[in-house]
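# Structural features, examined
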Amino acid sequence: MIQYYDNEPFCIIQQEDAGISIDFLSIIEYIKFIEPKILSSTKADSSHNAEDLSSRFYTWNIFLSQQPALMQVYELINYGYEKFKQELKFIDQPIWIHSHGNIHRKGQQLVYHAHKYFILGYISLSAEGSNTNFYLGENNTKKISIPNKDGQLVMALGQLPHDTDIWEYDHERCSIAFNLITESELKMHSAGPCFPFRFK
C-alpha cells in the first residue's frame, strides 16, 4: 500500500483492498452535469494554464454535493489516510478537506502544477490508459509515472509537482482530486470551500 519512489512515500490503494465499490457512472454523470455551471460562472486560477474544472478547484467542493455515490469515495480517502498516517507517524492535528472533480477530453491533460497543502491525492473514475506523472528530486527533474486504475486512490505529501498524460480516448477522463489541509495552511492560503476531515 505504501510505496517509495526516490524516497518519496506514496499511498496507493485499490478500492477492493478497502472493501469499497465506487459507483463510477453516477459520479461521472454528476461531474458532467456540474461542469458547464462552474465553467460559466467562475474564472480559472492563475496557476493553471487551462480552461477546465481543474483550474476552478478553489470555487467548489464536490463533497458538498448531494450525490450519495460520493460517500464511498470519502470512505476510501479515510481508509488511505489512516494507512499513510500509520506509516509516516503523522502527529494528531485538526485537518480539513477540499475536493473537486476533474474531467478531460481527447487531446487534453491535467497541466503541470503543484499544491500548497499537507497531503494531495486523487481517485481515478475513468482514467485507465493514462499516467499521473510526479516530478521528484533536486529541481523536480525525476519523472515518476503512476498508471491510473479506476477505483485507485493515490496519496502523497502535498507539494510535489505533477501532471497527466494527454488523454487519447474518445470518452471522458474523470477523477476526483483532494487536498488535506492543516489549520496553519488554512489560515495562510485560500483553499476554497473546506470542511473538517479530522479533529485530531
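Above this note sits the structure.
First, a word on what this report is: a plain description of the structure on this page. (Residues numbered from 1 in each chain as written. Predicted model: local features only at pLDDT ≥ 70, side-chain atom pairs only at ≥ 80, totals over all residues. Heavy atoms only, no water.)

### A few points about the environment of Met1
With respect to the helices, strands and loops of the structure, Met1 is situated in the segment before β1 (2–5). Accessibility expressed as a relative area gives 40% for Met1, which makes it partly exposed. Note: C-alpha distance between Met1 and Val154 (153 residues apart in sequence) is 9.6 Å. Every residue in contact with Met1, bar those within four places of it in the chain, is listed here: Phe10, Cys11, Ile12, Ile13, Asp17, Tyr79 and Lys83. (Helix = DSSP H or I, 4+ residues; strand = E, 2+ residues; numbered from the N terminus. Buried < 20%, exposed > 50% of the residue type's maximum accessible area, 1.4 Å probe, protein only. Contact = heavy atoms within 4.5 Å.)

### Points about the pairing of strand β9 (residues 173–182)
Along β9, 10 of the 10 residues are buried, which leaves the element largely enclosed by surrounding structure. Both faces of β9 are covered, namely the face carrying Arg173, Ser175, Ala177, Asn179 and Ile181 and the face carrying Cys174, Ile176, Phe178, Leu180 and Thr182. Strand direction decides the pairing type here: strand β3 (residues 95–104) and β9, joined by 10 bridges, are antiparallel. From the neighbouring strand, Ser99 faces β9, where its bridge partner is Phe178. As paired elements, strand β4 (residues 119–126) and β9 share seven bridges and run antiparallel to each other. (Pairing = 2+ DSSP bridges.)

### Concerning the packing of aromatic side chains
In the structure shown here, the tally under the stated rule is 12 aromatic pairs. Plain terms: the ring middles of Tyr30 and Phe33 are 6.5 Å apart, the flat faces sit at 40° to each other, and that makes the pair tilted. Here Tyr30 pairs with Phe33, and both are found in helix α1 (residues 24–41), just three residues apart, close to one helical turn. Centre to centre, the rings of Tyr74 and Phe197 are 5.9 Å apart; their planes meet at 80°, and the pair counts as edge-to-face. With Tyr74 in helix α2 (residues 70–88) and Phe197 in strand β10 (residues 195–198), this pair connects stretches of sequence that are 123 residues apart. Of the two residues examined, Tyr74 and Phe197, each falls in the buried class. Cluster of aromatic residues (ring-pair linked, three or more members): Phe63, Tyr74, Tyr81, Phe84, Phe90, Phe118, Phe195 and Phe197. It is Arg198 that lies over the ring of Phe197; its NZ or CZ is 4.6 Å from the centre. (Phe/Tyr/Trp six-rings, centres within 6.5 Å; stacked < 30°, edge-to-face > 60°. Lys NZ or Arg CZ within 6 Å of the ring centre and 35° of its normal.)

### Section: the sheet that holds strand β6 (residues 142–147)
Across the sheet, three strands lie side by side as β6-β5-β8; this open sheet has antiparallel pairing. Unpaired on one side and paired on the other, β6 and β8 (162–164) mark the two borders of the sheet. Taken over all neighbouring pairs, the strand axes of this sheet differ in orientation by 25° on average, direction set aside. Relative to β6, strand β5 (residues 131–136) runs antiparallel, the two sharing six bridges. Residue pairing across strands places Leu136 opposite Lys142, the latter belonging to β6. (Axes fitted to C-alpha atoms, helices over the stretch in contact; angles between N-to-C directions.)

### What to know about the pattern of salt bridges
All told, the structure shown has seven salt bridges when counted by the stated rule. Of the charged contacts, one joins Glu29 and Lys32 as a salt bridge, the two residues approaching to 3.7 Å between their closest N and O atoms. Taken as a pair, Glu29 and Lys32 lie in helix α1 at a separation of three residues, close to a single helical turn. Under the relative-accessibility criterion, Lys32 is labelled partly exposed at 30%. In this structure, Asp170 engages Lys106 in a salt bridge whose closest nitrogen and oxygen atoms are separated by 3.3 Å. With a gap of 64 residues between them, Asp170 in the loop between β8 and β9 and Lys106 in the loop between β3 and β4 connect regions that are remote in the sequence. For the pair Asp170 and Lys106, one class covers both residues: exposed. (Salt bridge = Lys/Arg side-chain N within 4 Å of Asp/Glu carboxyl O.)

The values are spatial; any link to function lies outside them.
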